[in-house]
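Chain by chain, the residues:
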Amino acid sequence: MLATSLDYLVRLTIPRRCQVSVDELDGRILRLFAAEPRVGVLEASRRLGVARGTVQARLDRLQRDGVVRGWGPDIDTTAIGYPVTAFATLQIEQGSGHTTVAEALARIPEVLEVHTITGAEDLWCRIVARSNADLQRVIDQVVIVRSIQRASTVIALAEQIPHRVLPLVEAATKN
């Protein structure tokens, strides 16, 4: 009874898209397409030893459920002329709303990510620039956004672990 009540509470409090389960076959499909995004469904089915329709149905479900967010290329910002990466925390006026500020930041091409965070600051941003001097230009664009009161920025010196999700997929498929 307790487990049933707990399951019910989890379903009430966690959005449906957060409750998607990923099984071992999903994990194998995700690993293959992450390693070789252009592999194709037919070749994937051959390598995985499952029917083409199964691979296609799984990919469709993973995309529909929001597990797979896109199929675009993974772009190296350094290779396209933006070797400087910085992280900025932003403090915004109380009552101004995160959405309005995020919409304004989205218009700055060098702002790659914006997250609402807990703590003394309100937003966390990942920013790229062509140089340290160019980073100043980008930060100037960020801080003139209406409702931003303060910014604190740090420059990344080296990437120790690139953005990754496959270890998490591996862990999720072992449940």
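Residues numbered from 1 in each chain as written. Predicted model: local features only at pLDDT ≥ 70, side-chain atom pairs only at ≥ 80, totals over all residues. Heavy atoms only, no water.

Formed by 20 residues in total, the largest nonpolar core has its most connected members in Leu 90, Val 101, Leu 105, Ile 127, Leu 135, Val 142 and Ile 148. Contributing elements (two or more residues each) for this core: β1 (84–92), α5 (98–106), β3 (123–129) and α6 (132–143). Broken down by element, this core gets its largest block of residues, five residues, from β1. Ignoring sequence-local partners within four residues, the contact set of Leu 105 consists of Leu 90, Val 111, Val 114, Leu 123, Cys 125, Val 142, Val 145 and Ile 148. (Core = buried A, V, L, I, M, F, W, Y, C linked by side-chain atoms within 4.5 Å. Buried < 20%, exposed > 50% of the residue type's maximum accessible area, 1.4 Å probe, protein only. Helix = DSSP H or I, 4+ residues; strand = E, 2+ residues; numbered from the N terminus. Contact = heavy atoms within 4.5 Å.)

Further remarks concern the pairing of strand β2 (residues 111–116). Of the strand pairs in this sheet, β2 and β3 are connected by five bridges, and their pairing is antiparallel. Its bridge partner lying in β3, Val 111 is registered against Ile 127. Connecting β2 to the next strand, β3, in antiparallel fashion are six residues, including Gly 119 with a positive phi near 105 degrees. (Pairing = 2+ DSSP bridges.)

On to the side chain of Glu 110, then. Tracing the sequence through the fold places Glu 110 in the loop between α5 and β2. Classification of Glu 110 by relative accessible area gives buried; the value is 7%. With sequence-adjacent residues up to four places away left out, Glu 110 is seen in contact with Tyr 82, Arg 126, Ile 127, Val 128, Arg 137, Val 138 and Gln 141.

As a further point, take the sheet that holds β2. Taken in spatial order, the four strands line up as β2-β3-β1-β4 in an open sheet, and their pairing is antiparallel. Because the sheet does not close on itself, it has two edges, and the strands there are β2 and β4 (148–155). Adjacent strand axes in the sheet meet at a mean angle of 20 degrees when their direction is disregarded. The strands touched by α5 within the sheet are β1, β2, β3 and β4, with β3 carrying the most contacts at an inclination of about 5 degrees. Most of the contacts of α6 go to β3, to which it runs at about 145 degrees, and overall it touches β1, β2, β3 and β4. (Axes fitted to C-alpha atoms, helices over the stretch in contact; angles between N-to-C directions.)

Do not read the fine detail of predicted coordinates wherever pLDDT is low. Residues at a pLDDT of 70 or more form 89% of the chain, whose mean pLDDT is 88. Model confidence for the chain, summarised as mean pLDDT per element, is weakest for helix α1 (residues 2–13) at 39 and strongest for β3 at 98. A low-confidence stretch, residues 1–16 (pLDDT under 50), is modelled with three contacts involving residues beyond four sequence positions or located in other chains. (pLDDT = per-residue confidence, 0-100.)

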